[in-house]
Amino acid sequence: MSLVTTESLKAELEIFDIPYQDDSVLDKMVEQCICNRLQTSEILHEWVAYSATKQGVKLTMDTLEQFEHEVLNKKSKSRKTSRKEEASSRMRDISRMDDLIKAEEEEEDLLDSYSTPAKGSQKRPLTTPEHPRSKRTAAPMASPSILLSPASFSPNATPSQKYSQRGGKGEVVVTFGAVQGTRWVGRKDPGAGVQVEILEGPEDSLNSSYKYMFQRLRDVRNVLTEKIEELGEGLRTHFSIEEFSPVSLPAQDSITVLGQICCDSNGKLNAQSVLLEAGPEQGGQQVPVDLSELKEYSLFPGQVVVMEGMNTTGRKLVASKFYEAVPLPFYSSNMKMETDEEPLNVLVACGPYTPSDSLTFDPLLDLINVIVRDRPDVCLLLGPFVDSKHEQIEKAQVTETFENIFNRCIESIVDGTRSVGCQLVFVPSQRDIHHHFIYPQPPFSLPHINKEQAQRVTLVPDPCTLLIDGVTIGLTSTDILIHMGPEEISCGTGSDKFSRILKHMLTQRSYYPLYPPADEVNMDYEKFQSFGQMPLTPDVLVVPSEMRYFVKDVVGCVCVNPGRLTKGQVGGTYGRLLIQRSPQSEDGKRESPCLTAQVVKI
């Protein structure tokens with residue numbers, strides 16, 4: 001199926017001598033083609049028929065909307081109900097199948113002549129119209145000549161039944177802030193004048209791929225040592241501590257020590273297995289920690305802490321006081337805020353964008369329809385776009401390269417939102433099978449996108465901190481919540497686990513403070529030191545996870561888990577925010593720029 005463009009539509013309209021209002025009409029028709037999976041000729045035939053029934057109405061934005069409501073929506077519904085029947089009744093070319101079967105027979109006979117048949121070995125059963133193969137084994141035999149739609153890249157193009165039958169579409173499941181009377185639409189001209197940039201600047205940010213798998217253990221040790229010293233200096237200044245004592249030096253008085261939490265074995269951390277490992281300046285040794293005298297604490301491997309206690313033998317520290325780390329300051333701007341400035345509508349969605357039982361991108365098309373309806377100013381789209389954990393990708397049942405699937409997926413998003421004009425931000429994921437699975441992860445490259453559309457597309461690494469019209473947003477597609485959840489231990493804190501983990505991220509000033517990292521995270525520590533740290537405390541922190549969606553205020557930062565757009569075979573959720581740069585108050589008290597937020601079912 002060829003890609004529909006404004007140029008092809010314009011040429012077809014000239015052939016039929018159909019006048020149109022302006023170029024916005026062409027953009028709207030491209031959008032309708034993508035959402036309804038129509039070719040240029042198909043939508044024009046539908047329009048000619050519709051126009052004839054309406055006494056030759058003119059082609060304008062208003063008549064296009066009526067056309068979409070009266071013709072395209074009805075056809076789309078009927079197409080969905082009959083799609084399963086079409087897939088099951090699709091006829092194969094008999095001569096083509098005979099050729100395939102004959103070639104397979106010859107190939108197996110040739111292999112048998114060179115090998116000794118194993119006991120009980122059987123030939124592959126033949127497939128004929130009289131003796132069809134089971135559905136389970138028929139998928140790899142689908143003819144590669146079958147044309148694939150832009151939303152389907154697998155031999156089995158049957159849409160997910162559970163996804164199409166999902167309930168609660170558009171239901172708001174989480175609300176944050178004052179939402180009464182809120183209109184979830186963008187500005188009059190979405191995306192126009194909106195500044196989206198990486199906070200560190202292009203020269204200091206990860207903007208291209210790099211060589212990895214070359215780090216030495218000594219380099220990793222140096223990075224961890226510098227982290228201990230940097231955070232320790234911040235704690236020493238904040239709590240007015242004179243100096244830190246060596247952790248393993250016997251002392252009869254109370255001492256204050258600095259170090260990194262680690263576990264005394266390869267198992268999970270618990271209250272009896274906590275070790276404190278000091279930096280080189282404090283002796284660089286490990287000492288067990290007794291937590292029984294602490295009324296409250298929250299610890300995880302890799303956490304830099306300051307503790308006060310007794311170590312009379314030099315072999316165990318009995319902690320009596322625990323100093324909690326402090327986050328960095330928020331972003332401050334000298335720019336004056338306009339009195340009539342409207343808030344920005346930001347949409348946040350995280351992949352996968354396909355159900356687990358089908359490679360049809362129906363959830364993505366539904367998301368594009370949401371974008372067209374709500375017209376947000378900025379869309380933050382996080383991977384995976386081509387999920388390495390997808391069942392059909394794991395079984396090698398796709399018929400195109402992963403790069404082609406990704407490129408066509410991005411083209412559908414860019415072209416489908418052209419009439420909206422919103423800013424698009426694409427964040428990669430470790431689960432994107434076509435991309436480098438290293439952390440920090442370099443941004444995508446889109447060499448085929450045209451220059452006009454490239455102006456509203458921003459490609460960023462994972463993780464990163466964005467500055468959008470004076471509001472800072474931290475982004476990471478790595479599931480830090482599910483990685484740190486089993487590793488964290490706590491006592492008497494009175495807060496939920498998610499809030500504690502998010503607070504650790506902000507106070508440890510890192511997008512991934514866990515050490516050692518989870519098995520699935522391939523960490524490059526030299527790059528992590530440069531690009532994995534928080535330059536400041538963001539106003540909004542986006543942390544998508546397999547865990548339940550939420551919106552929380554943690555030490556002044558609004559933390560959002562929008563969930564994933566699909567959860568297995570059923571639909572998931574996405575998030576939306578209203579943000580506005582807050583003016584400096586007279587008393588110096590900070591107001592959060594996130595006015596309100598919601599998590600909504602797709």
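- For the protein, the name recorded in an unreviewed UniProt entry is DNA polymerase alpha subunit B, with Oreochromis niloticus as its organism.
- Turning to the protein, the UniProt annotation filed under Subcellular location (unreviewed entry) states: "Nucleus".

### A short note on a nonpolar patch on the surface
Thought 1: Together, Ile15, Phe16 and Val48 make up an exposed nonpolar region whose accessible area comes to about 280 Å².
Thought 2: If you trace the backbone, Phe16 turns up in the loop between helix 1 (6–15) and helix 2 (23–36).

### Comments concerning the nonpolar core
Thought 1: One finds Leu367, Leu381, Phe385 and Ile413 to be the most contacted residues of the largest nonpolar core, which totals 57 residues.
Thought 2: Residues from two domains meet in this core; each of domain 1 (6–70) and domain 3 (342–478 + 521–581 + 589–601) gives at least three.
Thought 3: The contacts of Leu381, once residues within four sequence positions are left out, are Leu347, Ala349, Tyr353, Leu367, Ile413, Val425, Phe426 and Val427.

### Points about the packing of aromatic side chains
Thought 1: Across all of its chains, the model carries 15 aromatic pairs by this definition.
Thought 2: Look at Phe385 and Phe406: their rings are 6.0 Å apart centre to centre, the planes differ by 70°, and that puts the pair in the edge-to-face class. With Phe385 in the loop between strand 10 (378–382) and helix 10 (391–394) and Phe406 in helix 11 (residues 402–416), the pair connects residues that are 21 residues apart, well separated along the chain. Exposure class is identical for Phe385 and Phe406. Each is buried.
Thought 3: Measuring from ring centre to ring centre gives 5.9 Å for Phe385 and Phe426, while their planes differ by 65°; the resulting arrangement is edge-to-face. Here Phe385, found in the loop between strand 10 and helix 10, pairs with Phe426, found in strand 11 (residues 423–427); they are 41 residues apart in sequence, far enough to count as distant. You'll find Phe385 and Phe426 in the same group, each marked buried.
Thought 4: Among the aromatic residues, those joined into a cluster by ring pairs are Tyr353, Phe385, Phe406, Phe426 and Phe444.

### Here we look at the sheet that holds strand 2 (residues 196–198)
Thought 1: Pairing is mixed across the open sheet formed by six strands, whose spatial order is 2-13-14-16-18-17. Pairing within the sheet leaves two strands with one partner each, and these edge strands are strand 2 and strand 17 (550–554). Across this sheet, the average inter-strand angle for adjacent strands is 25°, counted without regard to direction.
Thought 2: The sheet contact formed by strand 13 (residues 464–468) and strand 14 (residues 471–475) spans five bridges and is antiparallel.

### Focus: helix 1
Thought 1: Listed as buried for helix 1 are Thr6, Leu9 and Leu13. Along the axis of helix 1, the buried positions cluster into a sector of 60°, meaning they face one direction only. Opposite the packed face of helix 1, turned more than 90 degrees from it, sit the exposed residues Glu7, Glu14 and Ile15.
Thought 2: Buried residues in helix 1 make contact with helix 2 and helix 3 (40–53).

### A look at the sheet that holds strand 4 (residues 274–277)
Through backbone hydrogen bonds, the strands of a sheet pair up, either in parallel or in antiparallel fashion.
Thought 1: Reading around the circumference, 3-4-5-8-7 is the order of the five strands in this closed barrel, with mixed pairing throughout. Along the sheet, successive strands turn relative to each other by an average axial angle of 55°, direction set aside.
Thought 2: Pairing between strand 3 (residues 251–263) and strand 7 (residues 304–311): seven bridges, direction antiparallel. What sits directly across from Val257, in strand 7, is Met307.
Thought 3: Running over the sheet, helix 8 (residues 217–238) touches strand 3, strand 4 and strand 7 and is turned about 130° from strand 3.

### Let's talk about unusual backbone geometry
Trans peptide bonds make up most of the peptide bonds, and negative phi angles are found at most residues other than glycine.
Thought 1: The amide bond that connects Gly351 to the next residue, Pro352, takes the cis arrangement and shows omega of 10°.
Thought 2: For Pro352, the position within the fold is in the loop between strand 9 (344–350) and helix 9 (362–374).
Thought 3: Positive phi values are uncommon outside glycine, yet Gln55 reaches one of about 60°.
Thought 4: In this structure, Gln55 sits in the loop between helix 3 and helix 4 (61–88).

### Here's the deal with the pattern of salt bridges
Thought 1: With the rule as written, the count across this model stands at 25 salt bridges.
Thought 2: A salt bridge links Arg576 to Asp374; the nearest nitrogen and oxygen atoms lie 3.7 Å apart. In this pair, Arg576 is assigned in strand 21 (residues 573–579) and Asp374 in helix 9, connecting sequence segments 202 residues apart. Comparing Arg576 with Asp374 shows no difference in burial state: the two are buried.

### With respect to helix 2
Thought 1: Its 14 residues give helix 2 an end-to-end C-alpha distance of 20 Å, which sits within 8% of 20 Å, the value for a rise of 1.5 Å per residue.
Thought 2: Counted residue by residue, helix 2 has twelve buried out of 14 residues, so it is predominantly covered.
Thought 3: Of the positions making up helix 2, those classed as buried are Val25, Leu26, Asp27, Lys28, Met29, Val30, Glu31, Gln32, Cys33, Ile34, Cys35 and Asn36.
Thought 4: Two residues or fewer after helix 2 comes Arg37, characterised by a positive phi angle close to 60°.

### A short note on the packing of helix 2 against helix 11
Thought 1: Viewed as axis vectors pointing N to C, helix 2 and helix 11 meet at an angle of 140°, and their least axial separation amounts to 9 Å. Judged on the interaxial angle alone, helix 11 and helix 2 are oblique. Helix 11 is crossed by helix 2, and the crossing has left-handed handedness. Contacts from Val30, Glu31 and Ile34 in helix 2 reach Ser412, Asp415 and Gly416 in helix 11.
Thought 2: Split into classes, the residues belonging to the contact of helix 2 with helix 11 amount to two nonpolar, two polar and two charged.

### Looking at the pairing of strand 18 (residues 557–561)
Thought 1: Across the five residues of strand 18, five count as buried, placing the element largely inside the fold.
Thought 2: Alternating positions in strand 18 separate into two faces, Cys557, Cys559 and Asn561 on one and Val558 and Val560 on the other, with burial throughout.
Thought 3: Examined bridge by bridge, strand 16 (residues 540–542) and strand 18 share three bridges and lie parallel to one another. Residue Val542 lies in a different strand from strand 18, and its bridge partner there is Val560.
Thought 4: Pairing between strand 17 and strand 18: five bridges, direction antiparallel. Bridge pairing links Asp553 to Val558 in strand 18.
Thought 5: Between strand 17 and strand 18, which follow one another and run antiparallel, lie two residues, and Val555 among them has a positive phi close to 45°.

Procedures and definitions
- Residues numbered from 1 in each chain as written.
- Predicted model: local features only at pLDDT ≥ 70, side-chain atom pairs only at ≥ 80, totals over all residues.
- Heavy atoms only, no water.
- UniProt positions renumbered as here; feature names shortened; annotations may be inferred.
- Patch = residues over 30% accessible without salt bridge, like charges linked within 9 Å, V, L, I, M, F, W, Y side chains within 5 Å.
- Areas by Shrake-Rupley, 256 points an atom, 1.4 Å probe, with all protein chains shown as cover.
- Salt bridge = Lys/Arg side-chain N within 4 Å of Asp/Glu carboxyl O.
- Helix = DSSP H or I, 4+ residues; strand = E, 2+ residues; numbered from the N terminus.
- Core = buried A, V, L, I, M, F, W, Y, C linked by side-chain atoms within 4.5 Å.
- Buried < 20%, exposed > 50% of the residue type's maximum accessible area, 1.4 Å probe, protein only.
- Domains from an automatic or database assignment.
- Contact = heavy atoms within 4.5 Å.
- Phe/Tyr/Trp six-rings, centres within 6.5 Å; stacked < 30°, edge-to-face > 60°.
- Pairing = 2+ DSSP bridges.
- Axes fitted to C-alpha atoms, helices over the stretch in contact; angles between N-to-C directions.
- Arc of directions from axis to C-beta.
- Expected span 1.5 Å × (residues − 1).
- Parallel < 35°, antiparallel > 145°, perpendicular 65-115°, else oblique.
- Left-handed = near helix turned anticlockwise from the far one by under 90°.
- Nonpolar A, V, L, I, M, F, W, Y, C, P; charged D, E, K, R; others polar.

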